[in-house]
Amino acid sequence: SSSSRSGRRSSRRRAGGEEGDDDLPQEGSEPDGLMDFGGGPMEPMEPLRTTSLGDLWSAYGASWAEFNRCVVPSEFPASTERGGGLVAGATMDAYHHTRDSASLFDVSYKVSLRVTGADREFVADQFLTCNLRAMRPGDVQYACVLDSKGLILDDAFVYLTQDAVEILTSGCHSRQVADYLGHYVVYVRRTGADVAFEESHRGAAIALQGPKSCEALARALDQLCMSLDPAVSSLRLETVDTEPEFVPMQVLSEMPYMSALRLRPGKVGPGADAEHAAAFVLRVGSTGEDGFEIVAPAGALMQQLAAALLEDSPVVQPAGLHCLDMLRMEAGLPRVGTDILPGRVTPVRASLVWTLDQAKMRGHLMFGWQKLFFQLAKGPKFRRVALLLDGPGHTGCRLLSNPHRQPIGEITSTAWSPALQSRVAMAYVRPEYAKADKHILVTVPYNLPTYKMRSKAIKHWIRSGPLRSSYRKLVAACITTLPLVPHVYPEPARQRKAAARTKTFAPEGPATPASPSDSPNGARARLPSVSSRAPLGGGGGPVRRGGAEPAGQALHRNAGEGTRSDVSSM
């Protein structure tokens with residue numbers, strides 16, 4: 001009929017993109033068959049939080065950023081005189097200071113949750129990947145918080161006290177996570193279980209990271225004990241047990257990694273509870289270096305402790321969120337909300353299988369045990385890996401196989417690695433490509449020159465999405481092992497002796513230049529094979545990292561034509 005023909009003609013005109021059309025589709029609107037890794041749901045009603053140490057950081061000239069709905073310092077100025085000491089600042093200076101000495105970070109964006117009651121361990125075991133029944137009071141484990149389908153809601157450091165299960169989450173979508181777990185606890189209580197769930201009153205958190213963090217924290221605590229302030233002059237460290245034991249400040253170096261101590265003030269104000277005002281000192285971190293995270297109620301104790309740490313100026317310097325994210329990337333740990341979208345990824349896909357307790361899964365005591373067993377047996381459709389990039393790259397760039405250039409994954413986050421002298425990234429790829437030393441390509445689209453293009457051409461390239469064949473740059477990349485930089489964690493003497501017995505000693509060869517200036521002709525040195533570096537966990541001992549070799553130059557070898565720019569003029 002004439003009406004149907006006219007309708008078809010109008011639809012063809014709309015699809016053809018005649019000149020004058022202004023309803024152009026948005027870039028990347030068409031699906032390309034890959035998983036949508038970006039753009040997680042946001043909680044519009046989640047309140048914006050602020051750190052309780054804002055006045056202290058402002059005195060050091062902090063720049064601010066919003067992270068997980070909390071305003072925290074992002075970086076500090078490179079050189080500012082205050083109190084007779086030099087304040088390290090800009091991100092690169094803070095990075096090297098953390099690797100060599102110690103830096104203080106504000107991690108108040110983290111949210112602490114508590115599960116109490118006689119059945120607290122049985123109930124919390126169902127949505128945590130660690131085994132609480134195998135832990136003792138004072139133990140700390142890194143775990144994932146799961147929903148009923150086995151998908152990650154958040155990651156957390158979990159530690160036990162004598163009367164509660166404390167869960168220090170990253171704070172991503174904290175309102176949604178607290179509501180989800182709270183509704184489940186209410187449901188369980190209807191069956192007669194003795195359990196309660198609440199958000200902890202300890203809303204302030206700082207992280208002291210670096211090889212000299214232990215002695216810096218001991219000096220700061222000794223200084224507070226000699227203070228005239230009665231609120232902090234009688235501080236005492238004690239174990240987290242049913243019968244707490246006093247721990248001298250000088251033996252912090254003997255504190256095992258992944259353990260917790262209680263920092264209790266001796267005197268509190270009238271009507272206050274000493275247990276309520278106590279802080280917890282966790283020997284944990286997400287930087288790959290030795291360090292501590294201190295969780296305490298917002299108040300005088302946390303402010304004076306942070307100030308005492310910063311007064312040790314040559315050793316401890318403030319550092320911001322950008323430096324912390326760079327260290328986290330090199331440590332190979334994911335960031336929830338960017339590398340892991342809450343409610344979209346399982347621990348198997350996120351390469352966090354080592355956090356799963358299979359004894360709980362075999363006993364059907366963990367959320368999503370069926371899906372997790374299925375993915376462990378068959379393998380996930382995508383897997384999180386680390387990349388070394390030989391050029392620019394950003395979140396959302398698609399990955400192509402080399403040389404066939406078929407879509408195989410997507411980048412979720414990127415950062416510059418000073419240790420490797422290369423840009424690094426976290427990405428999800430198909431499992432057949434998740435192998436060390438696998439060379440791939442990254443397609444980096446750039447803005448279309450719309451000022452000299454016809455409307456029809458604009459529509460065509462926008463509909464092509466991020467996998468368009470022109471107006472992009474192909475960057476060579478190499479898949480590498482996690483972590484990117486070996487971890488340096490304190491180990492017990494027994495573990496060091498066991499690692500020394502299995503260590504292989506290679507004959508010493510000629511030294512490789514550590515930087516372009518050290519090489520004879522000034523050229524960039526080539527990175528050794530990725531598979532020859534330490535595996536997850538950093539290998540056998542606290543080996544300090546020396547000068548690393550640049551990684552980007554080695555990727556040209558097998559990249560083919562992957563580094564040229566494909567541009568077609570319209």
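What counts, and at which threshold
- Residues numbered from 1 in each chain as written.
- Predicted model: local features only at pLDDT ≥ 70, side-chain atom pairs only at ≥ 80, totals over all residues.
- Heavy atoms only, no water.
- pLDDT = per-residue confidence, 0-100.
- Contact = heavy atoms within 4.5 Å.
- Core = buried A, V, L, I, M, F, W, Y, C linked by side-chain atoms within 4.5 Å.
- Buried < 20%, exposed > 50% of the residue type's maximum accessible area, 1.4 Å probe, protein only.
- Helix = DSSP H or I, 4+ residues; strand = E, 2+ residues; numbered from the N terminus.
- Axes fitted to C-alpha atoms, helices over the stretch in contact; angles between N-to-C directions.
- Parallel < 35°, antiparallel > 145°, perpendicular 65-115°, else oblique.
- Left-handed = near helix turned anticlockwise from the far one by under 90°.
- 1 Å grid on protein atoms, 1.4 Å probe; cavity = no way out; pocket = protein on both sides within 12 Å on 5 of 7 lines; lining within 4 Å.
- Points joined across faces, edges and corners; volume = space filled by probe spheres on them.
- Nonpolar A, V, L, I, M, F, W, Y, C, P; charged D, E, K, R; others polar.

1. Looking at the confidence of the model for the protein
Regions with low pLDDT carry predicted coordinates that are not meant to be interpreted in detail. For the protein, per-residue confidence averages 81 on the pLDDT scale, and residues scoring 70 or more make up 74% of the total. Below pLDDT 50 for its whole length, residues 511-550 participates in 74 contacts with residues either more than four positions away or in separate chains.

2. Side note on the nonpolar core
Formed by 71 residues in total, the largest nonpolar core has its most connected members in Phe127, Leu128, Leu132 and Ile167. Residue contributions to this core peak at seven residues, all from strand E9 (residues 152-160). Counting 40 residues, the second-largest nonpolar core is a separate cluster that includes Ala102, Leu263, Leu305 and Ala306.

3. Concerning the packing of helix H3 (residues 91-100) against helix H9 (residues 321-331)
The contact between H3 and H9 brings their axes to 9 Å, and the two run at 55°. It follows from the interaxial angle that H3 and H9 lie oblique. You can see that H3 and H9 cross each other, and the crossing is right-handed. Each of Thr91, Met92, Ala94, Tyr95, Thr98 and Arg99 in H3 lies in contact with H9, whose residues at this interface are His322, Cys323, Met326, Leu327 and Glu330.

4. So, empty space enclosed by the protein
With the rule as written, the count across this model stands at two cavities of 30 Å³ or more. As a volume, the largest cavity reaches approximately 40 Å³. As for the largest cavity, its lining consists of Val72, Pro73, Phe105, Asp106, Ala319, Gly320, Leu321 and Leu324. Of all elements in the fold, only strand E3 (70-75), strand E6 (102-106) and H9 reach the threshold of two or more residues within the lining of the largest cavity. Residue composition of the lining of the largest cavity, by class: six nonpolar, one polar and one charged. Of the voids in this model, the second largest cavity is the one considered here, and its volume is about 30 Å³. It is H9 that provides the largest number of residues to the lining of the second largest cavity, a total of three residues. Looking at side-chain class alone, the lining of the second largest cavity contains four nonpolar, three polar and three charged residues.

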